[in-house]
Amino acid sequence: MPYLGIVGSITTIELIFAAVLLKRYLRTKRPLTLCVLLICIGLFIDAFFITIGGPAGGLPDYIGTFRFMAHGLLVPILIPVCGYGLKCKPLTMKILWAITAVISILGLSHAFAIQLETVNFEGIIRHTMGSATPMWAMIVSYLLSFGTVIPLIISGIVIWKKQKNPFLFLSGILMFFFAGLGPAIGKMDLLFIFSMFGEVLMIVFALLYIIKDEKSL
């Protein structure tokens, strides 16, 4: 099925980039690279379970909860990515990590509050957030999807201006664009696939930022 092939390809690409980032981190020991690696791992976990859901005939609810846990725990690390990109001082980084910890705790908590619904789209069987989910958990979900990307866009603009390196801005703006593409064109059933494209591009351009930044050191 074409959509399953697309999702499987994205999953494979994310695994490859996780390996590339791991190799680069082991060589450089840069915290920025570790942050992007952790985010990539979280996205890979999400994509992997979406990919195997159809062939497996559906997955248990606890797998769906685990997916949301990984997403909620690791995606907020985009906040310190902004700080490392901006070359913030240690005290500022401690504050950013404290904010990240709070958001991650909320992300973990909302995973347990989500009322899961199983959806079958073109052979892709996955868990989604059901309408019975508490409002606070829905708000946290939107915060994870957009509230962590907007700072990346804003900091990316500053970094582009100061460092002549546009890649963090492109990382954030492409993720934001693809996350909003489904509602914009009335294709909500394809929203998760559009978002997965955005996630891959976010990682690709974050890696390009890292490579360019290392060359300037």
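Thresholds, definitions, all that
- Residues numbered from 1 in each chain as written.
- Predicted model: local features only at pLDDT ≥ 70, side-chain atom pairs only at ≥ 80, totals over all residues.
- Heavy atoms only, no water.
- Helix = DSSP H or I, 4+ residues; strand = E, 2+ residues; numbered from the N terminus.
- Buried < 20%, exposed > 50% of the residue type's maximum accessible area, 1.4 Å probe, protein only.
- Expected span 1.5 Å × (residues − 1).
- Contact = heavy atoms within 4.5 Å.
- Core = buried A, V, L, I, M, F, W, Y, C linked by side-chain atoms within 4.5 Å.
- Salt bridge = Lys/Arg side-chain N within 4 Å of Asp/Glu carboxyl O.

I keep staring at unusual backbone geometry and nothing clicks. Help me out?
Excluding glycine, most residues fall at negative phi; most peptide bonds, likewise, are trans. Residue lysine 87 is not a glycine yet carries a positive backbone phi of 60 degrees. Among the structural elements, lysine 87 can be located in the loop between helix H4 (78–85) and helix H5 (90–113). The partly exposed category is assigned to lysine 87, whose relative accessible area is 42%.

Where do I start with helix H1 (residues 2–28) in this structure?
Since there are 3.6 residues in each turn of an α-helix, residues three or four apart along the chain are aligned in direction. With 27 residues, H1 ought to run about 39 Å at 1.5 Å a step, and its terminal C-alpha atoms sit 39 Å apart, in line with that. For H1, the set of buried residues is Val7, Gly8, Ile10, Thr11, Glu14, Ala18, Leu21, Arg24 and Tyr25. The elements touched by buried residues of H1 are helix H2 (31–53), strand E2 (124–129) and helix H9 (191–216).

I would appreciate a short explanation of the side chain of threonine 65 in the present structure.
Within the element layout of this structure, threonine 65 appears in helix H3 (residues 61–74). Leaving out residues up to four positions away in the same chain, threonine 65 has contacts with Ala111, Phe112 and Leu116.

Is there a simple way to explain the nonpolar core in this structure?
Leu21, Val36, Ile39 and Val81 are the most contacted members of the largest nonpolar core, which has 29 residues in total. Counting residues per element, the ones that place at least two in this core are H1, H2, H4, helix H7 (149–163), helix H8 (167–185) and H9. Here the element with the most residues in this core is H2; it accounts for seven residues. The residues contacting isoleucine 39, other than those within four sequence positions of it, are Leu74, Ile77, Leu78, Val81, Met202 and Ile203. Ranked by size, the runner-up nonpolar core spans 15 residues in total, among them Ile10, Phe121, Phe194 and Met196.

What exactly am I supposed to notice about the pattern of salt bridges here?
Think of it this way: side chains of opposite charge can pair up when their charged atoms draw near. In the structure shown here, the tally under the stated rule is five salt bridges. Among the salt bridges present, the one from arginine 24 reaches glutamate 214, with a minimum N-O distance of 2.9 Å. Of this pair, arginine 24 sits in helix H1 while glutamate 214 sits in helix H9; the two residues are 190 residues apart in sequence, bridging distant segments of the chain. The pair formed by arginine 24 and glutamate 214 is uniform in burial state, with each residue classed as buried. Where lysine 87 meets aspartate 213, a salt bridge forms, and the shortest distance between an N and an O atom there is 2.8 Å. Of the two residues, lysine 87 sits in the loop between H4 and H5 while aspartate 213 sits in helix H9, which places them 126 residues apart along the sequence. One salt-bridge network, in which partners are shared between bridges, spans Arg24, Arg30, Lys87, Asp213 and Glu214.

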